[in-house]
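Letter by letter, the chains look like this.
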Amino acid sequence: ALTPEAHFQSQATLQQQLFRRGATVPEVFAVGQLPGGRAYMVDALVKGDDETVTPAGWEEVGQVLRVLYEVPHEGHGLLQDRADRFAGQATTPEGGLLTRISPIWPFNSRPLGLQPLTLAAPELTGPLSGLAAELRQVIQEPAVICHSDLHPNQFIWRGGRLAALLDFGDATIAPPAWDQASLAFFHGWDVAELISHAAGQRLGRGSALFGLLLALHRANRAAEHAQTKRLEQAVRFARCCLDRL
């Protein structure tokens, strides 16, 4: 597959390291630039099927994440596009968060009641307001290299097992609760629990707090693009996260 990437050097190097360490990711064959200067990465084409994912398949995702979380790194946020080491683009956790997503409450200047999430569901304003300090603190937790975008199209399944975890172009140095919240948003908390256990992580309060940050972010994006259903999805997920706290 010939795939142009915004962070092709860091993605390719990370994927190569994961493959060498036995993780279930596509092998990278080449990285370079086309004559016009466009970057590319060539990796293995992995085929899947339509069989239902098994618990063992979800556990295999956790095993890939376990390998990913053991990769040495420095700094915070999206990876710098370099091949010699894995370094974040920011020097602080808050700065790192803002390399990956647009500013959200409580990290922006807009009052909580005027955030897209609370405009859509005003009853969330009170519960969220009491969590501002915890939301600021949760991003300070020990960081790893997270995948950060574990939606369904990032997985190739074959026979109910993991054939490949894809796309490390948004790899971000942040607490593993980011990936846990991403998994819960797209696949539910039961799947997030299964995968987190296989990754050697505990699904705790920080996972739900990061889930609220993700809900705020996705509500912002939905409002920007007038996507009513996605805004409703963000509200539902925020309510679910609050129920877990």
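Residues numbered from 1 in each chain as written. Predicted model: local features only at pLDDT ≥ 70, side-chain atom pairs only at ≥ 80, totals over all residues. Heavy atoms only, no water.

**Student:** Please set out the confidence of the model for the protein residue by residue, giving values where relevant.
**Tutor:** Overall, the prediction assigns the protein a mean pLDDT of 94, with 97% of residues at 70 or greater. Taken together, the stretch residues 1-5 has pLDDT below 50 and engages in 13 contacts with residues farther than four places along the chain or on a different chain. (pLDDT = per-residue confidence, 0-100. Contact = heavy atoms within 4.5 Å.)

**Student:** So what about the side chain of Asp149? Which residues, and what values?
**Tutor:** Inspection of the secondary structure puts Asp149 in the loop between β6 (144-146) and β7 (155-158). Of the side chains with opposite charge, Arg100 comes closest to the buried, unpaired Asp149, at an N-O distance of 4.4 Å. (Helix = DSSP H or I, 4+ residues; strand = E, 2+ residues; numbered from the N terminus. Buried < 20%, exposed > 50% of the residue type's maximum accessible area, 1.4 Å probe, protein only. Lys, Arg positive; Asp, Glu negative; His and termini not counted. Salt bridge = Lys/Arg side-chain N within 4 Å of Asp/Glu carboxyl O.)

**Student:** Talk me through the pattern of salt bridges; I want residue IDs and the actual numbers.
**Tutor:** This model, assessed by the stated rule, comprises 7 salt bridges. When the shortest N-O distance is used, the salt bridge between Arg161 and Glu60 registers 2.5 Å. Taken as a pair, Arg161 in strand β8 (residues 161-165) and Glu60 in helix α2 (residues 55-69) lie far apart in primary sequence, 101 residues in all. According to the relative accessible area criterion, Arg161 is partly exposed, its value standing at 39%. Taking the relative accessible area as the measure of exposure, Glu60 reaches 15% and is therefore buried. With its nearest N and O atoms 3.8 Å apart, the salt bridge here joins Arg100 to Asp170. A residue pair is termed long-range when its members are at least 10 positions apart, and Arg100 in helix α3 (residues 93-100) and Asp170 in the loop between β8 and β9 (172-174) qualify at 70 residues. Three or more residues joined by partner-sharing salt bridges are found here, namely Glu74, Arg82, Asp84 and Arg85.

**Student:** How would you sum up the environment of Gln89? Please name residues and give values.
**Tutor:** Looking at the secondary structure, you find Gln89 in strand β5 (residues 88-90). Judged by its relative accessible area of 41%, Gln89 falls in the partly exposed class. Expressed as a C-alpha distance, the spacing of Gln89 and Leu79, which sit 10 residues apart in the sequence, is 5.8 Å.

**Student:** Tell me about α3, and name the residues and values.
**Tutor:** Listed in full, the buried residues belonging to α3 are Pro93, Gly96, Leu97 and Arg100. For α3, the arc enclosing every buried residue in end-on projection is 100°, short of the 170-degree limit, so these residues lie on one face. The secondary structure elements touched by the buried residues of α3 are β4 (76-79), β5, β9 and α7 (177-187). (Arc of directions from axis to C-beta.)

**Student:** Can you break down unusual backbone geometry residue by residue, with the values?
**Tutor:** Cis geometry is adopted by the peptide bond preceding Pro106, which originates at Trp105 and carries an omega value of 5°. Relative to the helices and strands, Pro106 resides in the loop between α3 and α4 (116-120). Despite not being glycine, Ser148 shows a phi value in the positive range, around 80°. Assignment of secondary structure puts Ser148 in the loop between β6 and β7. Here Asp167, not a glycine, exhibits a phi torsion of approximately 60°, which is positive. Here Asp167 falls in the partly exposed class, since its relative accessible area comes to 29%.

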